[in-house]
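Here are the chains, one letter per residue:
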Amino acid sequence: MTASAVVFWVLTLIVLASAAVVVLSRSLINSAFALLATFSGVAGFYVLLGADFLAAVQFLVYVGGILILLVFGVMLTHRIQDLDLRAEARQLVPGLFVAAGVFILLAAVATRTPWAIGAGRLPSATTAEIGRAFLGKYLLPFEAASILLLVALIGAALIVRKREDA
Amino acid sequence: MPAVDLRPLLPALIVAVTALVVLLAQAFTPKGSRSPSMGLTVTGLAGALLLSLTMASDGRYGRGANTGGSVVADDFTLFFHVLLIGLALMAALLSPAYYRENGGDRGEYYSLMMFSLVGMLGLVSATEMISMFVALEIMSVALYALCGTRRDQVESQEAALKYFVTGAFASAFLLFGMALLYGLSGSTSLARVARGVATATPEQIPLAVLGCGLLIVGFGFKVASVPFHMWTPDVYEGAPTTVTALMAAGVKAASFGAFLRVFLGSLPTLREEWVPALAALAAITMVIGNLGALAQSNLKRMLAFSSVAHAGYLMTGMVGTTEASAQAILFYLVAYGAVNMGTFGLIASLSKGGREPLSLQDVAGLGARRPAIAASLTVFLISLTGIPISGGFVGKFYLFGAAVNAGYTGLAIIGVLMSVVSAYYYLRVVVAMYMREPEGEDVWSTPEAPGRLAALIAVAVTLGLGIWPAPVLDLARAAALSLL
Amino acid sequence: MNLEPTLAHYLLVSAALFALGLLGLITRRNAVQALMGVELMLNSANLNLVAFSRFGTGGIDGQVFGTFVIVVAAAEVAVALALVLALYRMRRTPNLDAATTLRG
């Protein structure tokens, strides 16, 4: 077993175990911290897959941004003295059925399909290549993404702003 | 490679810039003075509409101009652009009166509405999956926020959160399906995906089918088809009524646009696999939508189930996978969009002091008190039922015809039977308006000029499509031809 | 058994992640936790994209797509948390179906 194989299996263990905690834990805080491990594990996968730029983005945006927002969400919706951060579950059995069914479908296709393998086409450093794609082939969605962020900004501000004296 | 022509992007650009101008104008309007938002919005949208119309009548864009690879400006795109901008224009006309009565006539609202429109415009013109996904998200995120714009109402917030959770769910499925198709074809371009699917080996077919299936789930949520419809009644009821109008008319049209472009335009080689699935979904959607509507006493919830039922009618048209079926769907989207904008718009313009006419008691006797409004509502309701001289009748005729030609006679029969069932709950409203004595005082507002104009346009379109459908049918046919 | 990670291995991990996210989304009443489920699903789709980009014929496009997905996720989370906060301020619960106002 090579080093990369060892890393892969360790990351798999981390990602799946922490994702299970995220989903099944009854405490929101635990879920939020487990999510940290999941996001970091996925970033590890990106490194393993030669996607260095994306791994960095994953860390910066997911771990540094989205997770912090989620933790804020958890904190703000429960006053500190509310120690009982229980998240009740519902529809556990049908949920398990649907999730298991989807997994079996995806797994069957993943293992049975003869994938067209074209390895080695990726450059060793992907950042320049991605930058060229952003400002070339994908310029339009790149610009559109700025509209999306603006929409999120306006929308979030509009929703949480306190009601005016009306 | 032909020269890149960016003019087809101009309407979307105008809408986006207008959205920013409205936002800034809001900031510089002194407190207490009249808000310029509606005027600016209508001006910008009218400009974009004119530009789209000019391009649509310009023959050069028929089979699609080269706009750099992410989007295409063909007849299909331009047809949807005119429709979507027109619908947003009507929603903007209806908004100021509604928001004055319900609080919060603010620039951000118009701005978000226009950004959502930008997303819709992108969604129907995208020929590449990244652009399609980003456009879909622009449309959706703006609408999540719009649903929550009645900040003093718990229903509005609940609706927004429910819409978000189901919408995010749909996006995740759509994205996973796109990822699988990317894995199969090695490209994000729909044309390359089409080639990849067409040349797939028999062992790769399950992968393509799974990708398709995930996309159907994603689009199923967006167009509100059963079994992905459970959010619809709550969200339609809780959202501000003008936003509901935009959701029912605009989002459905834009989502069907992308649905058609992906499935009819890019995945026709897999039709053996997805047509039966779609036919089954269409059948249960029509049945559950109509039966659900029967049980509703709240007008907005009734119309929500009716929107589910109409997703079923539209999907019935899709099983044909021919240009005639795309034509029928495009035509019906125009008729359905105008009717929904009109119905929700009238409910919104009658609202007073935070209340709207939502029950049969509320509309009882409207025929005597407000003859013009009752007559308009009657036109819309007979079009929803599919009674002749309305656009809905012609549309359903073509939709079910497309299904029959594709050999799905049973599906067409279900559609006709369910339309008969729907007559009960639609015409119940008409009966209440004309046959019942009004109860209590007349507490509703009188629609203002902009709202009356929007309703008038909706009535004109509905009757026009019913009496003289040929021009729009021709346009829809040209659009369908450019897709296939 | 071959322990060297291949494309299929990554796809299996991603499938498991997707299923877990789906499970979370279906079974959790708490909006924040449902949101976490969505994030897991988006991460799993991203893992797919990046794996296809590395092993498949896709080239850099998969990674570009992945970057866009992260941007989209950030935008969604911002709006969703605003909604959660606004609802919580009124109702003092972040639960999705503690709904008394809207009949489900």
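Since this is a predicted model, take the numbers as computed values, not measurements.

1. Overview of the overall build of chain B
Here's step 1: Regarding its fold elements, chain B presents 20 helices and two strands.
Here's step 2: Its C-alpha radius of gyration of 21 Å places chain B within 12% of the 23 Å reference for a compact globule of 484 residues.
Here's step 3: For the C-alpha atoms alone, the extent of chain B along its principal axes is close to 70 × 55 × 40 Å.
Here's step 4: Long-range pairs, those at least 24 residues apart, make up 80% of the contacts in chain B with a sequence separation of at least 6.

2. Focus: the interface of chain C and chain A
Here's step 1: On the chain A side, the residues contacting the 63 residues of chain C number 74 residues.
Here's step 2: For the side of chain C that touches chain A, the secondary-structure elements that each account for two or more residues are α1 (7–27), α2 (31–55) and α3 (61–91) of chain C.
Here's step 3: In terms of residues, the side of chain C that touches chain A owes the most to one element, α3 of chain C, which gives 21 residues.
Here's step 4: In terms of residue class, the side of chain C that touches chain A is made up of 44 nonpolar, 14 polar and five charged.

3. Notes on helix α1 (residues 3–24) of chain A
Here's step 1: An ideal rise of 1.5 Å per residue puts 32 Å on 22 residues; α1 of chain A measures up with 32 Å between its terminal C-alpha atoms.
Here's step 2: Along α1 of chain A, the positions that sit buried rather than exposed are F8, L11, T12, V15, S18, A19, V22 and V23 of chain A. Along the long axis of α1 of chain A, the arc covered by the buried residues comes to 160°, so they all point the same way. Turned more than 90 degrees from where α1 of chain A packs its buried face, A3, V6, V10 and L13 of chain A sit exposed.
Here's step 3: Tucked into the core, α1 of chain A has its buried residues touching α2 (28–48) of chain A together with α1 and α2 of chain C.

4. Details of helix α3 (residues 52–76) of chain A
Residues and elements named next belong to chain A.
Here's step 1: Across its 25 residues, α3 extends 34 Å between first and last C-alpha, which sits within 8% of the 36 Å expected from 1.5 Å per residue.
Here's step 2: Taken as a whole, α3 carries its principal kink of about 30° at Y62.
Here's step 3: For α3, every residue scored as buried is listed here: F53, L54, A55, Q58, Y62, I66, L67, L70, G73 and V74.

5. Quick look at unusual backbone geometry
Residues and elements named next belong to chain B.
Here's step 1: Geometrically, the link from V226 to P227 is a cis peptide bond, its omega value of 5° lying close to zero.
Here's step 2: With a phi angle near 70°, I389 is a residue other than glycine that sits in the positive phi range.
Here's step 3: Mapped onto the elements, I389 comes out in the loop between α16 (371–385) and α17 (391–405).
Here's step 4: In this structure I389 comes out as partly exposed when scored by C-beta crowding, with 15 C-beta atoms within 10 Å.

6. Focus: the environment of L135 of chain A
Residues and elements named next belong to chain A.
Here's step 1: Residue placement: L135 occurs in helix α5 (residues 127–135).
Here's step 2: On the neighbour-count criterion, L135 (10 C-beta atoms within 10 Å) is exposed.
Here's step 3: For the pair L135 and M75, spaced 60 residues apart in sequence, the C-alpha separation works out to 39 Å.

The rules behind each value
- Residues numbered from 1 in each chain as written.
- Chains lettered and ligands numbered in written order.
- Predicted model: local features only at pLDDT ≥ 70, side-chain atom pairs only at ≥ 80, totals over all residues.
- Helix = DSSP H or I, 4+ residues; strand = E, 2+ residues; numbered from the N terminus.
- Rg over C-alpha atoms; globule rule 2.2 N^0.38 Å.
- Contact = placed C-beta atoms within 7 Å.
- Nonpolar A, V, L, I, M, F, W, Y, C, P; charged D, E, K, R; others polar.
- Expected span 1.5 Å × (residues − 1).
- Buried ≥ 20, exposed ≤ 12 C-beta atoms within 10 Å, placed from the backbone.
- Arc of directions from axis to C-beta.
- Bend = angle between axes of the 7 residues up to and from the residue.

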